[in-house]
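# Inside the fold
Residue strings, one per chain:
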Amino acid sequence: MKKGLLVVLWMMMGLSAMAAEPDSLVIDSIGSLHKMGVIRRTVREFDRLNKAYIEPQHYEFTVMGQITRTYESFILDSKGQTITLAPDGLTKIGPYFGWRWFFLGFTFDIKNIGFSQSGLRKEFDLSIYSSQVGVDIFYRRTGNDYKIRDVRLGYGLDGDWLEGVPFDGVNVGITGASAYYIFNHGRFSYPAAFAQSTCQKISCGSWMAGVGFTKNTLDMDYEKLETTLRSRISKEQELKLDSGMMFSDIKYSDFMLSGGYAYNWVFAKNWLFCASGQLAVCYKSSYGEIAGEKKGFSIDKVNLDGIGRFGLVYNNTRWYAGCSAIMRTNNYHTARFTAKNFFGSFNCYVGYNFVLKKKYRKA
């Protein structure tokens with residue numbers, strides 16, 4: 001994953017330089033010159049914009065500080081019985097440095113500063129925002145810090161009597177990527193809301209469409225779950241877990257087609273509020289044995305997932321500050337049970353741009 005990230009970042013640096021530099025290269029081959037011109041025009045098209053609606057980035061470099069709060073919940077439901085699990089939220093801080101399309105930084109958990117990360121959640125998220133195309137790459141592995149938040153089992157066992165009890169018998173993993181196309185990219189700027197690399201001057205929105213693929217794992221130690229529940233009830237009470245709760249290992253692939261809408265509201269000079277939502281139709285096919293699941297294509301394997309983005313930004317091209325939230329849902333259901341995973345992050349940041357581009361420098 002790290003090696004792949006370096007390749008992506010290296011390509012972004014090269015493409016950005018290619019798009020921004022003047023056509024001053026001397027190439028012997030006319031064919032090579034033509035190919036270079038086609039590539040340069042293609043790359044530049046990714047950031048084509050209408051300057052009446054969008055102000056381009058004026059500076060070469062940026063530095064930024066950010067604080068991030070992450071959250072997650074996992075809901076397991078089987079024939080009316082429901083268990084909600086969630087870890088405590090994490091707070092991370094860190095610096096970032098940017099050059100054109102290239103943006104790199106590091107955040108660390110303020111409660112676990114150090115090199116020992118055994119048992120903790122592992123997260124990697126990379127979002128690339130251009131005017132025309134957006135890309136999300138993500139990798140998540142839960143740690144052993146889940147807690148029971150709510151239990152609905154019937155038989156008089158409903159309520160919050162288990163709230164806050166630690167439970168390390170569940171692990172959820174997701175690895176994948178998605179890409180989406182912004183139709184009104186000349187007038188609507190996603191980077192203005194989430195990458196701070198442009199400024200939206202006039203309120204505008206756009207429809208979006210995308211594709212994606214993920215690999216998912218879901219592990220549950222149902223014997224540990226049953227033991228944990230029994231330890232909190234009286235001997236006179238009877239505990240009956242539905243058989244749908246009794247699984248140990250599920251692995252499945254997720255193919256998705258998504259569509260949605262985003263809107264940038266410029267409510268004051270240099271201020272912007274963005275709200276966007278995408279609904280994904282997903283076909284989830286297991287590659288492990290799951291009791292009760294139909295073989296081959298089945299409409300029962302079609303699920304709906306979603307992603308929402310919200311951003312509030314102040315940007316005067318030199319200084320910028322704001323906050324943003326990104327929320328995702330990942331649903332999976334079989335004839336036996338339904339599993340829902342919600343995760344997201346809330347970010348607050350402040351940054352500074354420096355070194356004017358040549359075309360904005362005063363003579």
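Above this note sits the structure.
What counts and how
Residues numbered from 1 in each chain as written. Predicted model: local features only at pLDDT ≥ 70, side-chain atom pairs only at ≥ 80, totals over all residues. Heavy atoms only, no water. Helix = DSSP H or I, 4+ residues; strand = E, 2+ residues; numbered from the N terminus. Buried < 20%, exposed > 50% of the residue type's maximum accessible area, 1.4 Å probe, protein only. Contact = heavy atoms within 4.5 Å. Areas by Shrake-Rupley, 256 points an atom, 1.4 Å probe, with all protein chains shown as cover. Core = buried A, V, L, I, M, F, W, Y, C linked by side-chain atoms within 4.5 Å. Patch = residues over 30% accessible without salt bridge, like charges linked within 9 Å, V, L, I, M, F, W, Y side chains within 5 Å. Salt bridge = Lys/Arg side-chain N within 4 Å of Asp/Glu carboxyl O. Phe/Tyr/Trp six-rings, centres within 6.5 Å; stacked < 30°, edge-to-face > 60°. Disulfide = S-S within 2.5 Å. Pairing = 2+ DSSP bridges. Arc of directions from axis to C-beta.

### Quick notes on the overall build of the protein chain
- Regarding its fold elements, the protein chain presents four helices and 18 strands.
- Relative to its full complement of 363 residues, the protein chain shows a buried share of 43%.
- For the protein chain, restricting intrachain contacts to residue pairs at least 6 apart in sequence, the fraction spanning at least 24 positions comes to 72%.
- On the protein chain, roughly 19,000 Å² of surface is accessible, and the fraction owed to carbon and sulfur atoms is 61%.

### Focus: the nonpolar core
- Counting residues in each nonpolar core, the largest one holds 27 residues, and the members touching the most others are F74 and L229.
- The element that contributes the greatest number of residues to this core is strand β9 (residues 146–152), accounting for three residues.
- Judged by nonpolar contacts, the second largest core, of 18 residues, contains F194, M208, A262 and L272.

### Description of a nonpolar patch on the surface
- There is a patch of nonpolar side chains on the surface, built from Y71, F183, W207, Y261, Y263, W265, F267, W271, F273, F310, L312 and M327 and spanning about 1,200 Å² of accessible area.
- Mapped by element, the contributors of at least two residues to the nonpolar patch are β14 (249–268), β15 (271–286) and β16 (302–315).
- For the nonpolar patch, the element with the most residues is β14, which contributes four residues.
- Tracing the chain through its elements places F267 in strand β14.

### Section: the environment of F346
- Tracing the backbone shows F346 in strand β18 (residues 338–356).
- The sequence separation of F346 and I326 amounts to 20 residues, and the corresponding C-alpha distance is 6.7 Å.
- Contact partners of F346, with chain neighbours within four places excluded, come to I67, T68, R69, C323, S324 and A325.

### Quick look at unusual backbone geometry
- Notably, Q196 is not glycine yet its phi reads approximately 55 degrees, a positive angle.
- With respect to the helices and strands, the residue Q196 is situated in the loop between α3 (190–194) and β12 (199–200).
- For Q196, a relative accessible area of 6% gives the class buried.

### Let's talk about the packing of aromatic side chains
- Per the stated rule, a full pass over the model turns up 15 aromatic pairs.
- Here Y190 and F194 contribute two aromatic rings whose centre-to-centre distance is 5.3 Å and whose plane-to-plane angle is 75 degrees, an arrangement assigned as edge-to-face. One end of the pair, Y190, and the other, F194, are both in helix α3, four residues apart, so they sit about a helical turn from each other. The two residues Y190 and F194 agree in class, both being buried.
- Aromatic ring contacts, followed pair by pair, group F61, F97, W319, Y352 and F354 into a single cluster.

### With respect to the environment of G311
- Looking at the element boundaries, G311 is found in strand β16.
- Along the primary structure G311 and A192 are separated by 119 residues, whereas in three dimensions their C-alpha atoms are 9.5 Å apart.
- What G311 contacts, discounting residues up to four positions off in sequence, is F194, L272, F273, C274, C323 and S324.

### Concerning the side chain of T317
- Locating T317 in the fold gives a position in the loop between β16 and β17 (319–333).
- Given a relative accessible area of 17%, T317 falls into the buried group.
- Those residues in contact with T317 that lie beyond four places of it in its chain are Q57, H58, Y59, C199 and N353.

### Regarding the state of the cysteines
- In the structure shown here, the tally under the stated rule is zero disulfides.
- Here C323 is not cross-linked by a disulfide; its sulfur's nearest cysteine counterpart is in C348, at 5.0 Å.
- The exposure class assigned to C323 is partly exposed, which follows from its relative accessible area of 21%.

### Overview of the pairing of β18
- The sheet contact formed by strand β2 (residues 59–78) and β18 spans 18 bridges and is antiparallel. In the sheet register, I75 faces β18, and the bridge partner there is K340.
- The hairpin formed by β17 and β18 contains four residues between the paired strands.

### Quick notes on helix α4 (residues 222–230)
- Listed as buried for α4 are L225, T228 and L229. One face of α4 carries all of its buried residues, which in axial projection span an arc of 95 degrees. Turned more than 90 degrees away from the buried face of α4, the exposed residues are E223 and T227.
- Buried-residue contacts for α4 involve β3 (81–87), β9, β10 (165–166) and β13 (204–220).

### Some details on the pairing of strand β4 (residues 90–99)
- For β4, a buried count of seven out of ten residues is recorded, marking the element as mostly surrounded by other parts of the structure.
- In this sheet, β4 lies alongside β2 in antiparallel orientation, the contact comprising ten bridges. When the sheet's bridge partners are listed, R69 is paired in β4 with T91.

Take it as geometry only, folks, not as evidence of what the structure does.
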